[in-house]
Amino acid sequence: MAYGGVILSNSLSFYQKRIVMSSRVLEKNGGASIPHVLSVAGSDSGAGAGIQADLKTCAARGVYCSTVITAVTAQNTVGVQAVHAVPEDFVAQQLKSVLSDMQVDVVKSGMLPSVGVVKALLQSLTEFSVRALVVDPVMVSTSGDVLAGPSILSTFREELLPMADIVTPNIKEASALLGGMRLETVADMRNAAELLHALGPRSSAIDKVLGDKTVAVTTCKYNYLIARLQKVSCDIHVQVLYGCVVYDTGFSLGENLSQKGNVLVKGGDLPGSLDAVDIFFNGEHFYELRSSRIKTHNTHGTGCTLASCIAAELAKGSPMLTAVRVAKRFVETALEYSKDILIGNGIQGPFDHLLRLKSDSHSFRRKDAFNPSDLFLYAVTDSGMNKKWGRSMEDAVAEAIQGGATIVQLREKDVETRDFLETTKSCLVVCRSHGVPLLINDRIDVALASDADGVHIGQSDMPATVARTLLGPEKIIGVSCKTIEQAQQAWIGGADYIGCGGVYSTNTKANNPTIGLDGLKTVCSASKLPVVAIGGINASNAGIVMQMRVPNLKGVAVVSALFDRENVLVETKKLHALLMEAPSKMQ
């Protein structure tokens, strides 16, 4: 068997196969790898948790998700009315169907209703290797309904957890796994994380299957795997490829296992806590992950969502702690967005993973496609300038639109995300009441959470193709470009327009080389996208820019000329009139 730079002969154990397969980076056909999560969990008829939550989460994170249904539940926002376990042999058949055909990166387990189902999963993972296993030990739903009985606890502890790369229990599940241990403080959560880590994940199972004679294999390229392979009776022959180091060892079983797995104890139900506190422990360090507690009843499926988001980020290649942080932020954003939506009549509703359900029937919502003429007078905000003149961002945006701004970009570099999000929501009300698009500079997370009309990204930001994947086809994407090559890449990546400059020197962006009118003309002539000129443009030179009569130039973007003035309304009217007077030859 050969894979990932190491060749092993003989029949390999689950742990040995994972060591080989975890370094996989290319699909068997040589094409680009598509991140793939397999969710092994129960179905929620109310679609807030379980398989349905996993599917929505992976879709939101840009990852393919296949599924194995372990149980079918009858549940809604009131609770769980019935559970029908899928026959164990049929669960095994589903697992084989997916794993034998598709190249799954990460398996995420949720509701496993019986010992037989757990064993079916374990058996499948001995036959088909994956990069990581995320275990969400679902035993009690968020609403308090029991989904797995006590008979399964020992199987979880002794067989499932040791195979996991991360286990994500909530307080009740951690308590059950630790024999009823009381968890009432953050210190209790730390203790629980350490005790759970001692049960596994991963390291203890390796200890169980290894004999005294072991081989250490370190994959240097990824620095991801340090584990020991059991020497079976007919020996394992290891060939070193791609710079891997292989050597015989004589160390004790407790040494040199730096990749021991991880534990995340979720504290959403921690009594008396003002924050949502989770404890992450990797065997060496504790990380206390805090976020503001969001006041909402729409929390059904938070645990499933967090675990599947971790799995999705791991499938994309993120390190474990990064994956956990991204997942926590994703859940927080979705809860904040969904805190006031109403689905069902029970006390615990679902939330919107895709951030798409909310609509304001009292405000104008843009439904038309991007119109290049919107670039005509492009207002880019600056909070520092607004503060200097003693006005709010909302007032500045309203004055700019009333003066003739045709599109607005919110640019905030030094503000907390929560404050930026609230400002964006307020400005959206203003913009949509006038039918003016609102874009967000750089921050795709804020654009998604607020349902803004799109984003503008720079060359050092996320590629346009990734932004398009995250935002979907209906949102507007602009890209800053200085060269023909950058403009071509923006077009290939799915951008709607490019911002070309700086045309002139500016104080609003340090160390920004100018391209001048000639550079602007060169890019405009070659661009396949509409262009807005940016950088140092004001009332003294805007007319010169627009009079060049070059193809694809649709307007100018301005900052100081509008917002570093006492009266934004007056300055915007002046600039709009000046642009209207310039020859309207923008082809």
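Conventions adopted
- For every chain, the first residue of its written sequence is number 1, and the numbers climb from 1 along that sequence.
- A pLDDT threshold of at least 70 governs which residues receive local features in this predicted model, and a stricter bar of 80 or more applies before side-chain atom pairs are shown or counted, although totals over entire chains, interfaces and linings include all residues.
- Hydrogens and water are ignored here; the side-chain numbers use all heavy atoms of the structure.
- Put simply, DSSP marks the helices as runs of H or I at least four residues long and the strands as runs of E at least two long, and each gets a number from the N terminus on.
- Whether two residues touch is decided by their heavy atoms; if any such pair falls within 4.5 Å, the residues are in contact.
- When a residue's accessible area, from a 1.4 Å probe over protein chains only, is under 20% of the maximum for its type it is buried; when over 50% it is exposed; and in between it is partly exposed.
- Salt bridges are defined as contacts in which a side-chain nitrogen from Lys or Arg sits within 4 Å of a carboxyl oxygen from Asp or Glu.
- Pairing of aromatic side chains here covers Phe, Tyr and the six-membered ring of Trp, requires ring centres within 6.5 Å, and sorts the geometry by plane angle: under 30 degrees stacked, over 60 edge-to-face, intermediate tilted.
- Should the NZ of a Lys or the CZ of an Arg lie within 6 Å of a ring centre and within 35 degrees of the ring normal, that charge is described as sitting over the ring.
- We call two strands paired when DSSP finds no fewer than two bridges between them.
- Comment: axis = line fitted to C-alpha atoms, over the contacting stretch for helices; angle = value between 0 and 180 degrees taken between N-to-C directions.
- What a helix is expected to span follows from its residue count: subtract one and scale by 1.5 Å.
- Arc definition: it is the arc formed by the directions from the helix axis to the C-beta atoms.
- Note on terminology: a nonpolar core comprises buried Ala, Val, Leu, Ile, Met, Phe, Trp, Tyr and Cys residues joined through side-chain atoms within 4.5 Å.
- The start and end points of each domain follow an automatic or database-based domain assignment.
- For a crossover, the right-handed case is the one in which the path from the first strand over the helix to the second runs clockwise, viewed with the strands pointing away from the viewer.
- Pairs of cysteine sulfur atoms within 2.5 Å are identified as disulfides in what follows.

A. The environment of Leu38, seen in detail. Within the secondary structure, Leu38 is located in strand S3 (residues 36-44). A sequence separation of 30 residues divides Leu38 from Val68, and the C-alpha atoms of the two residues are 7.4 Å apart. Other than its neighbours up to four places away in sequence, Leu38 contacts Ser66, Thr67, Val68, Leu95, Val98, Leu99, Val104, Val106, Val107 and Lys108.

B. Spatial organisation of the side chain of Lys108. Within the secondary structure, Lys108 is located in strand S6 (residues 106-111). Residue Lys108 is classed as buried on the basis of its relative accessible area of 1%. Residues in contact with Lys108, not counting those within four places in the same chain, are Val37, Leu38, Ser39, Val40, Asp54, Val134, Asp136, Cys304, Ala307, Ser308 and Ala311.

C. How the structure looks around unusual backbone geometry. The residue after Gly501, namely Gly502, is reached through a cis peptide bond having omega 0°. With respect to the secondary-structure elements, Gly502 resides in the loop between strand S21 (497-500) and helix H17 (516-526). With phi around 65°, Ala47 is a residue other than glycine that occupies positive phi space. Following the sequence through the fold, Ala47 ends up in the loop between S3 and helix H2 (50-60). For Ala47, a relative accessible area of 26% puts it in the partly exposed group.

D. Seen up close, the pattern of salt bridges. Evaluated as defined, the whole model comprises 24 salt bridges. Note that Lys266 and Asp136 form a salt bridge whose closest N and O atoms lie 3.5 Å from each other. Separated by 130 residues along the polypeptide, Lys266 in strand S13 (residues 262-267) and Asp136 in strand S7 (residues 132-138) bring together distant segments of the chain. Salt-bridge contacts for Glu184 lead to Arg182; the nearest nitrogen and oxygen are separated by 2.3 Å. By relative accessible area, which is 62% here, Arg182 ends up exposed.

E. Just the packing of aromatic side chains, in detail. The final tally for this structure, using the stated rule, is four aromatic pairs. Taken together, the ring pairs connect Phe370, Tyr378 and Tyr497 into an aromatic cluster. Note that Lys528 overlies the ring of Trp491, its terminal NZ or CZ placed 4.9 Å from the centroid.

F. Geometry of the sheet that holds strand S14 (residues 275-281). Read across the open sheet, the nine strands follow the order S5-S4-S3-S6-S7-S8-S13-S14-S15; overall the sheet is mixed. Both edges of this open sheet fall to strand S5 (80-85) and strand S15 (286-292), since each of them pairs with a single strand only. Pairing of S3 with S6 involves four bridges; the strand directions are parallel. In the sheet register, Val40 faces S6, and the bridge partner there is Ser109.

G. View of the sheet that holds strand S22 (residues 531-533). Overall, parallel pairing links the eight strands, which are arranged S16-S17-S18-S19-S20-S21-S22-S23 in a closed barrel. Taken over all neighbouring pairs, the strand axes of this sheet differ in orientation by 25° on average, direction set aside. Here strand S17 (residues 407-410) runs beside strand S18 (residues 438-441); their pairing, made up of three bridges, is parallel. Following the sheet pairing, Gln409 is matched in S18 by Leu439. Sitting on the sheet, helix H15 (residues 464-471) touches strand S19 (454-457) and strand S20 (476-481), and the angle it makes with S20 is about 165°.

H. Here's a closer look at helix H7 (residues 186-199). With 14 residues, H7 should reach 20 Å at 1.5 Å per residue; the first-to-last C-alpha distance of 20 Å fits that figure. Along H7, the residues classified as buried are Val186, Met189, Ala192, Ala193, Leu196 and His197. All buried residues of H7 fall inside an arc of 135° around its axis, so they share one side. Of the residues in H7, the exposed ones pointing more than 90 degrees away from the buried face are Ala187 and Ala198. Gly200 sits one or two positions beyond H7 and adopts a positive phi of about 160°.

I. Quick peek at the nonpolar core. In terms of nonpolar packing, the biggest core is built from 108 residues, with Ile310, Tyr378, Val397 and Leu520 touching the most fellow members. Broken down by element, the residue count for this core peaks at 10 residues, all from helix H10 (residues 320-338). Inspection of this core shows a minimum of three residues originating in each of domain 1 (41-180 + 296-337) and domain 3 (362-581). In this view, Val397 contacts Thr381, Val408, Leu410, Cys427, Val430 and Cys431; residues no more than four positions away in its chain are not counted.

J. Summary view of the pairing of strand S4 (residues 64-75). Of the strand pairs in this sheet, S3 and S4 are connected by nine bridges, and their pairing is parallel. Bridge pairing in S4 links Gly42 to Ala71. Note that the unit made of S3, H2 and S4 has a crossover that is right-handed. Relative to S5, S4 is paired through five bridges, and the arrangement is antiparallel. Residue pairing in the sheet places Thr73 in a bridge with Val83 of S5. From the end of S4 to the start of S5, which pair antiparallel, there are four residues.

K. The arrangement of the side chain of Glu313 in detail. Positionally, Glu313 belongs in helix H9 (residues 302-315). Residues within four places of Glu313 in sequence aside, it is in contact with Arg61, Ser318, Ala323 and Val326.

L. Region of the structure containing the environment of Arg131. Mapped onto the secondary structure, Arg131 falls in the loop between helix H4 (115-127) and S7. Relative accessible area serves as the criterion here: at 16%, Arg131 is assigned to the buried category.

M. The arrangement of the state of the cysteines in detail. Under the counting rule described, the total for this entry stands at zero disulfides. Of all cysteine sulfurs, the one in Cys524 lies closest to Cys500, which takes part in no disulfide; the gap is 5.6 Å. On the accessibility criterion, Cys500 (0% relative accessible area) is buried. A relative accessible area of 0% places Cys524 in the buried class.

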